[in-house]
Protein chains: 2
Amino acid sequence: MKIGELAKLTGVSVRSLRYYESQGLISPIRQANGYREYSPLAVETVETIKLYLNLGLSTEQIAGFLHCVLKNKEAFCAEVMPLYRSKLEDIERQLVELNQIKRNLEERMASILQEQNESSLGACKLENLE
Amino acid sequence: MKIGELAKLTGVSVRSLRYYESQGLISPIRQANGYREYSPLAVETVETIKLYLNLGLSTEQIAGFLHCVLKNKEAFCAEVMPLYRSKLEDIERQLVELNQIKRNLEERMASILQEQNESSLGACKLENLE
DNA sequence: GTTGACTCTTACATTGATGTCAGGGTTTAT
DNA sequence: ATAAACCCTGACATCAATGTAAGAGTCAAC
């Protein structure tokens, strides 16, 4: 199939399919006219690439084990587990950082609301003093 | 004070101080020789900028309320609260997404470990059959 | 007056997957 | 045979704060 058809079948843009190829993730053969010709299996390959991209892995990392996981189950690809571990560490670091910022933001918001309440209370007291 | 001194006092690079100026965050006067001359108050200004950058706000957003918060308490700067709210929403979206990826990763890791255990158990059984 | 430490402006690089456009070829259907 | 719809490559843009470097001016100390 041609690139446009693969794009439709997978929901991945033509631009991205070409990019995956430039990163060594997929290697369609070329027809005499220069057009890329994809095997029907390419659909599964692209779905697999999407899956790993959604896990936050880079195309470079995916390139390191894609051939293996397309042939075997993940458990038999030694490269996968270390990547998962380090990605998980990344994510945990990001979670810590985001939660710190979140707490900081919430504290600042609470303190603003409190000050505003106090000043409006002050205004009420003044009103009540009439 | 000159830019190098302010950089040392605040821990912010000379490059970044010039960038903050280009974004309208700080406006040192110029001496006859063209050098930037910062008031001692600039230290507090830069510390304030650092604080908001660490909250994940952009220089553009900071530019929108910095003048106000340098003169008043945050609670009196109407621009701040909406920014905090939308930043908090951003962060919560990111937290949800990261947690989804984390769960996904953990499940995949668990399933790999389980398959590996099963196959090594299988190997043990075979060994025990001698 | 020379050297070293500052400062100035301008500009390119970084990161990574994707969008978009230009300029040109191919195919398909009418 | 012509128009529409595809395909090709190459290249620039995106986002944002920061690093880095070149080329040139300034200042301080010795």
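Naming follows an unreviewed UniProt entry, where chain A appears as MerR family transcriptional regulator of Paenibacillus etheri.

Enquirer: I keep staring at the relation of the copies chain B and chain A and nothing clicks. Help me out?
Expert: Between the two copies of this chain, the relationship is a rotation about some axis together with a displacement along it. The transformation that overlays chain B on chain A combines an axial shift of 0.0 Å with a rotation of 180°, and the residual RMSD is 0.0 Å. Both copies are brought into coincidence by an operation consistent with a two-fold rotation axis. Proximity to the rotation axis, assessed at the C-alpha, singles out leucine 95 of chain B in chain B; its C-alpha lies 3.4 Å from the axis. Mapped onto chain A, 100% of the interface residues of chain B are again interface residues, and the two copies thus contact each other with one and the same surface.

Enquirer: When you look at the protein's contact with DNA strand D in this model, what are you seeing that I'm missing?
Expert: Close contacts around DNA strand D come from 18 residues, with Gly4 and Arg36 of chain A together with Ser13, Tyr19 and Thr59 of chain B the closest. Here, DNA strand D places atoms within 4 Å of the protein, and 69% of those atoms are sugar or phosphate. A distance of 3.0 Å separates a phosphate oxygen of DNA strand D from a polar side-chain atom of arginine 18 of chain A. Contact between DNA strand D and tyrosine 35 of chain B: a base nitrogen at 2.9 Å from a side-chain N or O atom of the residue.

Cut-offs and rules
Each residue is numbered by its place in its chain's sequence as written, counting from 1. Lettering for chains starts from A, numbering for ligands starts from 1, and both go in the order in which the items are written. Totals for whole chains, interfaces and linings use every residue, but because this is a predicted model, local features are given only for residues with pLDDT of at least 70 and side-chain atom pairs only at 80 or more, for both listing and counting. Heavy atoms throughout the structure, all of them, feed into the side-chain values; hydrogens and water do not. Superposing the copies works by least squares over the C-alpha atoms of residues that have pLDDT at least 70 in both of them. By definition, residues are in contact when any of their heavy atoms lie within 4.5 Å. One heavy atom suffices: a residue is near a molecule or strand as soon as one of its heavy atoms comes within 4 Å of it. Counted as a polar contact is a pair of N or O atoms within 3.5 Å, where, for protein atoms, one must be capable of donating a hydrogen and the other of accepting one, and residues adjacent in sequence contribute only when both atoms are in side chains.

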